[in-house]
Amino acid sequence: MEKSIETIWKEGFLKSDALVAPKLNDLYNQKSIHIVDKFKRMYRINRIAIVVFAFIVLPVSFISGMPYVGILMFILFNFIVIVSGKFKRKLEKIAPGVSSYQYLSSFDTIIKDLVRTNTKLSRYFYPYIFITILLGFWFGDIGGNIPGEEFVAELLIDYPDMHLIFGLPLYGVLGALLILLLLAFFGGKIGQWDLNLVYSGIIKKLEKMILEMEELRA
Amino acid sequence: MSSDFYTTQILPYAAIIIKMCRAYTNSQEDFEDYYQEVCLQIWRSHNNFNQQAEWSTWVYRISLNVCLTLLKKKKNNGQHFASDYLPPELVEDSHAFGDESLNQLYDAIRQLSEIDRGVIMLYLEEKSYQEIADIIGTNPNNIGVRIKRIKERLKKILN
């Protein structure tokens, strides 16, 4: 007589010796490789995007009559790519050799270094970007006119008693200086926020995994 | 996870995890990955265990959830997953157990939908309809009819 599935199940497991639990071996092996690979992939895409953007900004700035913006931004983006190349090489050096914990710890050290460097440089980057755009616009060439001079001329019509310093509106200069100071002060925070926009998922996952691994090792 | 926790809270229930994971994997490698992930998840979530329920029910629930999640991940990554029908000769796990009838039953179970696999496993493990419904997260009224349908499908596949 044909066996019911219930009988096959019961008898099968009575006879079978396959219910031996596999050994728990390097629980985080695949996970750690996966997270590092994912970061490397994202980092590579990010660097390529910066290079592409730098090469788009340059001709566009010439076409729109603000070549200084394009040149200075091109220099900045290339500088970022060069700095990020240092981290790319560091990332390539780590290998999942000894243990997942050591692998992830090395990765974590590089990420922390990356965050630190990014925070430090962001204090200069954002003021640089602001001043580049401002000066690029001010000394640009739109239809044969210099936008900055045109702007001051128009302001003088409305406010003839306006204070000027080296031909620039005093309050405008003070405002720009204030914005520069604020960007220098909060640049680090903005940089962190910018980094988190892209990598926060991976960074949080990494922290959680390392915490768990430390707990497992305890 | 301390070795104490593994020895007292997981190892006595390893059979549950093994049986469940085998139904969702096609190879020994996948099976070991799933098994490890279930153990890890049990350890991670043991503080959330509600003392009113049985620990074994908790283990079933975690095992099922982890298997379904991993399958979904594999599916999203475009990899073959156990609900893709693969002929038994291509499924390494077709010979996972010493008993040939049991291997055939597992092959048949792997052809069911993901949830149906969980339902029939729990039924075969003699869980009540209420427990099955609790673990699956569905209405107990439909479980009986569903099990009947699954059993008919399994019979058809096995014959």
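Quick caveat: nothing in here was measured; it's all calculated off a predicted structure. (Residues numbered from 1 in each chain as written. Chains lettered and ligands numbered in written order. Predicted model: local features only at pLDDT ≥ 70, side-chain atom pairs only at ≥ 80, totals over all residues. Heavy atoms only, no water.)

Enquirer: Looking at this structure, I do not really get the overall build of chain B. What am I missing?
Expert: When its secondary structure is counted, chain B shows eight helices and zero strands. Along chain B, helices (α) and strands (β) appear in the sequence α-α-α-α-α-α-α-α when read from the amino end. A buried classification covers 50% of the 159 residues belonging to chain B. On chain B, roughly 7,700 Å² of surface is accessible, and the fraction owed to carbon and sulfur atoms is 46%. (Helix = DSSP H or I, 4+ residues; strand = E, 2+ residues; numbered from the N terminus. Buried < 20%, exposed > 50% of the residue type's maximum accessible area, 1.4 Å probe, protein only. Areas by Shrake-Rupley, 256 points an atom, 1.4 Å probe, with all protein chains shown as cover.)

Enquirer: I keep staring at the environment of A:E6 and nothing clicks. Help me out?
Expert: Here A:E6 shows up in helix 1 (residues 5-15). Sequence-distant contacts of A:E6, defined by excluding residues within four places in its chain, comprise B:Y123, B:L124 and B:K151. A distance of 2.3 Å separates a polar atom in the side chain of A:E6 from a polar atom in the side chain of B:Y123. (Contact = heavy atoms within 4.5 Å. Polar contact = N/O pair within 3.5 Å; in protein donor to acceptor, adjacent residues only side chain to side chain.)

Enquirer: What exactly am I supposed to notice about unusual backbone geometry here?
Expert: With the exception of glycine, most residues fall at negative phi, and the peptide bonds are largely trans. Residues other than glycine seldom take positive phi values, yet A:F166 does so here, at roughly 50 degrees. The class for A:F166 is exposed, based on a relative accessible area of 82%. Positive phi, close to 60 degrees, is recorded for B:E126, a residue that is not glycine. Within the element layout of this structure, B:E126 appears in the loop between helix 6 (114-124) and helix 7 (129-136).

Enquirer: Explain the packing of aromatic side chains to me, please; I cannot follow it from the model alone.
Expert: Considering all chains together, one arrives at 15 aromatic pairs over all chains under this definition. Aromatic side chains A:W9 and A:F13 sit 4.8 Å apart centroid to centroid with 75 degrees between the ring planes, which places their arrangement in the edge-to-face category. Linking A:W9 with A:F13, this pair stays in helix 1, spanning four residues, or about one helical turn. Taken together, a centroid distance of 6.3 Å and an interplanar angle of 45 degrees make the contact between B:F31 and B:Y35 tilted. Of this pair, B:F31 and B:Y35 are both found in helix 3 (residues 28-45), four residues apart, which corresponds to roughly one turn of the helix. Of note, B:K19 hangs over the ring of A:F13, and the distance from its end group to the ring centre comes to 4.5 Å. The residue whose ring lies beneath B:R22 is B:F31, and the NZ or CZ to ring-centre distance is 3.7 Å. (Phe/Tyr/Trp six-rings, centres within 6.5 Å; stacked < 30°, edge-to-face > 60°. Lys NZ or Arg CZ within 6 Å of the ring centre and 35° of its normal.)

Enquirer: Hey, could you run me through the pattern of salt bridges in this one?
Expert: Between side chains of opposite charge, a pair can form as their charged atoms come close. Residues and elements named next belong to chain A. This model, assessed by the stated rule, comprises 12 salt bridges over all chains. Close ionic contact of E92 with K88 constitutes a salt bridge, the shortest N to O distance being 3.1 Å. Of this pair, E92 and K88 both sit in helix 3 (residues 67-93), four residues apart, which is roughly one turn of that helix. By relative accessible area, which is 32% here, K88 ends up partly exposed. In this structure, a network of salt bridges that share partners links the residues K90, D113 and R116. (Salt bridge = Lys/Arg side-chain N within 4 Å of Asp/Glu carboxyl O.)

Enquirer: Sorry, what's going on with a negative patch on the surface here?
Expert: Residues and elements named next belong to chain A. A surface patch of negative charge is lined by E149, E150, E154 and D158. Counting through the fold element by element, E149 comes out in helix 5 (residues 147-158). Accessibility expressed as a relative area gives 54% for E149, which makes it exposed. (Patch = residues over 30% accessible without salt bridge, like charges linked within 9 Å, V, L, I, M, F, W, Y side chains within 5 Å. Lys, Arg positive; Asp, Glu negative; His and termini not counted. Charge placed at Lys NZ, Arg CZ, Asp CG, Glu CD.)

Enquirer: How should I be thinking about a positive patch on the surface in this particular structure?
Expert: Where like charges cluster on the molecular surface, the positive patch consists of A:K38, A:R41, A:K205, A:K208 and B:K73. Within the residue set of the positive patch, elements represented by two or more residues are helix 2 (29-63) and helix 6 (170-217) of chain A. With respect to the helices and strands, B:K73 occurs in helix 4 (residues 55-76). Exposure remark for B:K73: the relative accessible area of 47% places this residue in the partly exposed category.

Enquirer: Would you mind showing me how to read the confidence of the model for chain A here?
Expert: Parts of the prediction with low pLDDT should not have their coordinates interpreted in detail. In this model, chain A carries an average pLDDT of 86, and 94% of its residues clear a pLDDT of 70 or more. Within chain A, helix 5 of chain A has the poorest average pLDDT of any element, 81, and helix 3 of chain A the best, 91. (pLDDT = per-residue confidence, 0-100.)

Enquirer: Even after reading the chapter, I still don't get the packing of helix 6 of chain B against helix 7 of chain B, so can you show me in this structure?
Expert: Pairs of packed helices are described in terms of their axes, by the angle between the two and the distance that separates them. All names here are of chain B. The geometry of helix 6 relative to helix 7 is characterised by a closest axis approach of 10 Å and an angle of 145 degrees between their N-to-C directions. Considering how the two elements wind past one another, helix 6 and helix 7 form a crossing that is right-handed. In this structure, helix 6 uses I115, G118, V119, L122 and Y123 to contact helix 7, whose residues at the interface are I132, I135 and I136. The class makeup of the residues in the contact of helix 6 with helix 7 is seven nonpolar, one polar and no charged. (Axes fitted to C-alpha atoms, helices over the stretch in contact; angles between N-to-C directions. Left-handed = near helix turned anticlockwise from the far one by under 90°. Nonpolar A, V, L, I, M, F, W, Y, C, P; charged D, E, K, R; others polar.)

Enquirer: Where do I start with a nonpolar patch on the surface in this structure?
Expert: Residue and element names in this part refer to chain A. The grouping of F62, Y68, I71, L72, I75, I131, L135, F139 and I146 at the surface amounts to a nonpolar patch, some 790 Å² of accessible area in total. Elements that contribute at least two residues to the nonpolar patch include exactly helix 3 and helix 4 (100-138). The greatest single-element share of the nonpolar patch, amounting to four residues, is contributed by helix 3. As for its position among the elements, L72 is in helix 3.

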